[in-house]
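# Inside the fold
Chain by chain, the residues run as shown.
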Amino acid sequence: MPIVSANLPQVLVFAASDPTGGAGIQADLLTLASLGCHPLSTLTALTVQDTSGVVAMQPVAAELLEQQARTVLEDMPVAAFKIGLIGSVENVLAIAEIVGDYPEIPLVFDPVLASGRGDALSGEEIIAAMREMLLPQTTIITPNAPEARRLAESDEDENEPALDVCAARLIEMGAQYVLITGTHESTPEVINTLYGPDGVIRHDRWERLPGSYHGSGCTLASAIAGCLAGGASVEEAVRDAQDYTWQALRHGFRGGMGQFIPDRLFWAREDDDAKEASDGAN
């Protein structure tokens, strides 16, 4: 007998496709499903990439993007939005208009400006549109340190702005919360810092794992969205999503010849290992 109403939080993701499944919309869907959500998707761009870097990107037409999202939104209740790689200025404007019609739904924004290898994915016009159109609607933005500096840079800066300054500027631009991740910083541990209107809310320190990972930022942002969709506060969502992401990275695997891929279903394999150990003992 079919279930009349499955009590699964539904999260709508705006992101680009990654054929490797390591990052992009595939990573978002895996993460959200792993956390007990039902993921919905709006494709923003097609990419040609492997686990080493992005070779090419083709944005989806803004009209088609809007049709994807609005058709789903008219049919299915959504508990959170997550935005990843957008691909064009037109798509920024389309997404801003769509989410603007649902101001009560929390929005997690992962501003993908470059690939893990450093391939540029968002130019200055896209960044300017993000600042003006999306940040004022963002519940929490999750840049790494280079992304935070680029989003918050000012012509008046003589030197690279401190991360505290970057966070304050992003909040002035309209974001309610800012989580700056320290994966790209040269610190012994990875230090992630959550900021709110009154400054630092929490610092979290994580063991710096060896190697580099394809889709760690996508995983973290989607995990936050999933936790928010499940009813967590922003601080609770950030705490739990970081733990989930670190575990996914710790269990990461080398699917190709480039970066490691996080194992978003690590918990299922741990259960299998525990069952096998139990069966062996018996």
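Since we're looking at a predicted model, the values are computed, not measured.

The computed volume of the largest pocket comes to approximately 1,100 Å³. Lining the largest pocket are 47 residues, and of these N144, H184, Y213, S216 and G217 lie nearest its centre. Sorting the residues of the lining of the largest pocket by element identifies β1 (10-17), β2 (38-49), α5 (145-152), β8 (189-196), β9 (199-207), α7 (216-229) and α8 (234-250) as the ones contributing at least two each. A breakdown of the residues in the lining of the largest pocket according to their chemical character gives 18 nonpolar, 22 polar and seven charged. As for the second largest pocket, its lining consists of L163, D164, I180, T181, G182, E185, T187, I191, T193, Y195 and H203. Elements represented by at least two residues in the lining of the second largest pocket include exactly α6 (163-172) and β8. Tallied by class, the residues present in the lining of the second largest pocket amount to four nonpolar, five polar and two charged.

This brings us to the pattern of salt bridges. Across all of its chains, the model carries eleven salt bridges by this definition. Residue D263 is joined to R269 by a salt bridge in which the shortest nitrogen-to-oxygen separation is 2.7 Å. With relative accessibility at 8%, the residue D263 sits in the buried group. A single salt-bridge network, built from bridges that share partners, covers E66, R70 and D101.

Cut-off values and rules
Residues numbered from 1 in each chain as written. Predicted model: local features only at pLDDT ≥ 70, side-chain atom pairs only at ≥ 80, totals over all residues. Heavy atoms only, no water. 1 Å grid on protein atoms, 1.4 Å probe; cavity = no way out; pocket = protein on both sides within 12 Å on 5 of 7 lines; lining within 4 Å. Points joined across faces, edges and corners; volume = space filled by probe spheres on them. Helix = DSSP H or I, 4+ residues; strand = E, 2+ residues; numbered from the N terminus. Nonpolar A, V, L, I, M, F, W, Y, C, P; charged D, E, K, R; others polar. Salt bridge = Lys/Arg side-chain N within 4 Å of Asp/Glu carboxyl O. Buried < 20%, exposed > 50% of the residue type's maximum accessible area, 1.4 Å probe, protein only.

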